[in-house]
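Letter by letter, the chains look like this.
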Amino acid sequence: MGISVEHVSKHFGDFKAVDQVSVEVKTGSLVALLGPSGSGKSTLLRLIAGLELPDRGKIYLTGQDATHQSVQNRRIGFVFQHYALFKHLTIRQNIAFGLEIAKQPKNRVKHRVEELINLVQLQGMGDRYPSQLSGGQRQRVALARALALEPQVLLLDEPFGALDAKVRKDLRSWLRNLHDTVHVTTVFVTHDQEEAMEVADELVVMNKGRIEQVGSAAELYDNPATPFVMSFIGPVNVLPSSAPIFKRVGYQPEHPNVFLRPHDVLVALTSDEDTSPAIVNRVIHLGWEIQAELALEDGHAFTVYLSREQFKQLNLRSGQRVYVKPKDAKSFAAQYVEA
């Protein structure tokens, strides 16, 4: 096992940053710690790195107890959101820094630096300074520097958070390809659901210092364990089980709310015994799909996603009366409602 966290807790004063967390990361896998701000994901990453010490619990790296091991002895590469490159050093010198501190032979340092420059696709840029690179290129240098000492674990804290959307998208694919090349056990923190789902083998969803669910993107999206996971992994409408759209479904009182994905609503121009009337309040063109904001007769508003083909067939417009029914919906027991 690459990383094993067992019943770890960390408090800052009265605040429970990480609360009795247990999770395992398989050797060679790429795992995302996903959650909103304050969920404990960055604290958990720092605990694995040794930058924080747990109040209780154990952390194992490649089968060895590393709970109280120094940062230097953990063989971990750490990449921060804002690169943390040395501005006065060239790209080669930045990548070589850790190797030189470790007193590696000069020939070994030179060979490893060139190898990493090629790996992160920055050929011909080794003599430039960080200020001469784009944000995406600087982040690739930071990754190369973290990989220089051949860490057994690579940790990334919001690695693309400081970049614009287009660069983030490009680097996701690049990071996935890089991981498939080096196969180092990797954990990265993000609050971006799409980023986590696109890059990671497995997602660890955190909320209020605890783990809500662990699984693949498909598992979490299709079979969420809690309302929080369903609401956080992808868009969702939350409607009372008494809403007219669920009149034929028969949800029980112990399931007060029903969670309905926007693409799991059937919209028609004619009614049948299973549909409920609704009014189109607004139509939003998003390019590859259409978002329609609808309202039921009882006033409950919800959102529907349609393909361009579906939209053309329906020819929706504001104020239009349509008929809707759920294709799929999920409910959770009452004790989860405030999760």
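You'll find the protein entered in an unreviewed UniProt entry as ABC-type quaternary amine transporter, with Drouetiella hepatica Uher 2000/2452 given as the organism. For the protein, the Subcellular location (unreviewed entry) comment in UniProt is given as "Cell inner membrane".

Colleague: Before we go on, may I ask you to explain the overall build of the protein in this structure?
Modeller: Within the protein, the regular secondary structure consists of 9 helices and 18 strands. Reported as C-alpha extents along the three principal axes, the dimensions of the protein are approximately 80 × 45 × 30 Å. Counting the 339 residues in the protein, one finds 49% classified as buried. Working note: accessible area of the protein is about 16,500 Å², and carbon and sulfur atoms make up 48% of it. In the protein, the 38 positive side-chain charges and the 38 negative ones have mean positions that sit 7 Å from each other.

Colleague: When you look at the sheet that holds strand 12 (residues 257-260) in this model, what are you seeing that I'm missing?
Modeller: Hydrogen bonds between backbone atoms are what pair the strands of a sheet, whose relative direction is either parallel or antiparallel. Read from one edge to the other, the open sheet built from 3 strands follows the order 11-12-18, with strand pairing classed as antiparallel. One side of each edge strand has no neighbouring strand; the edge strands of this open sheet are strand 11 (237-240) and strand 18 (330-331). Pairing of strand 12 with strand 18, which is carried by 2 bridges, proceeds in the antiparallel orientation. The partner of phenylalanine 259 across the bridge, within strand 18, is lysine 330.

Colleague: Looking at this structure, how should I read the side chain of threonine 303?
Modeller: As for its placement among the helices and strands, threonine 303 is situated in strand 16 (residues 301-307). The contacts of threonine 303, once residues within four sequence positions are left out, are Asn237, Pro262, Gln291, Ala292 and Glu293.

Colleague: Where do I start with the sheet that holds strand 14 (residues 276-285) in this structure?
Modeller: Ordered in space as 13-17-14-15-16, the 5 strands form an open sheet in which the pairing is antiparallel. The two strands at the open ends of the sheet, each matched to only one other strand, are strand 13 (265-268) and strand 16. Here the strands of the sheet are splayed against their neighbours by 45 degrees on average, with no regard to which way each runs. Judged from the 4 bridges that link them, strand 14 and strand 17 (residues 321-326) form a sheet pairing that is antiparallel. The residue bridging alanine 278 from the neighbouring strand is valine 322, located in strand 17.

Colleague: Is there a simple way to explain helix 1 (residues 41-49) in this structure?
Modeller: Structural remark: α-helix, 3.6 residues per turn; residues separated by three or four positions point the same way. A large share of helix 1 lies buried, amounting to 7 of its 9 residues. For helix 1, the set of buried residues is Lys41, Thr43, Leu44, Leu45, Leu47, Ile48 and Ala49. The positive-phi residue at the C-terminal boundary of helix 1 is glycine 50, with phi of around 90 degrees.

Colleague: What is the right way to read the packing of aromatic side chains from this model?
Modeller: Note on aromatic pairs: each is described by the distance of the centres and the angle between the planes. Applying the stated criterion across every chain, the model contains 4 aromatic pairs. Ring geometry for phenylalanine 86 and phenylalanine 97: centres 4.7 Å apart, planes at 50 degrees, overall tilted. You can see phenylalanine 86 sitting in the loop between strand 6 (76-79) and helix 2 (91-101) and its partner phenylalanine 97 sitting in helix 2, a full 11 residues away along the chain. Judged by relative accessible area, which is 34%, phenylalanine 97 ranks as partly exposed. Above the face of the tryptophan 174 ring, arginine 140 is positioned so that its terminal group lies 5.8 Å from the ring centre.

So, how was this worked out
Residues numbered from 1 in each chain as written. Predicted model: local features only at pLDDT ≥ 70, side-chain atom pairs only at ≥ 80, totals over all residues. Heavy atoms only, no water. UniProt positions renumbered as here; feature names shortened; annotations may be inferred. Helix = DSSP H or I, 4+ residues; strand = E, 2+ residues; numbered from the N terminus. Buried < 20%, exposed > 50% of the residue type's maximum accessible area, 1.4 Å probe, protein only. Areas by Shrake-Rupley, 256 points an atom, 1.4 Å probe, with all protein chains shown as cover. Lys, Arg positive; Asp, Glu negative; His and termini not counted. Charge placed at Lys NZ, Arg CZ, Asp CG, Glu CD. Pairing = 2+ DSSP bridges. Contact = heavy atoms within 4.5 Å. Axes fitted to C-alpha atoms, helices over the stretch in contact; angles between N-to-C directions. Phe/Tyr/Trp six-rings, centres within 6.5 Å; stacked < 30°, edge-to-face > 60°. Lys NZ or Arg CZ within 6 Å of the ring centre and 35° of its normal.

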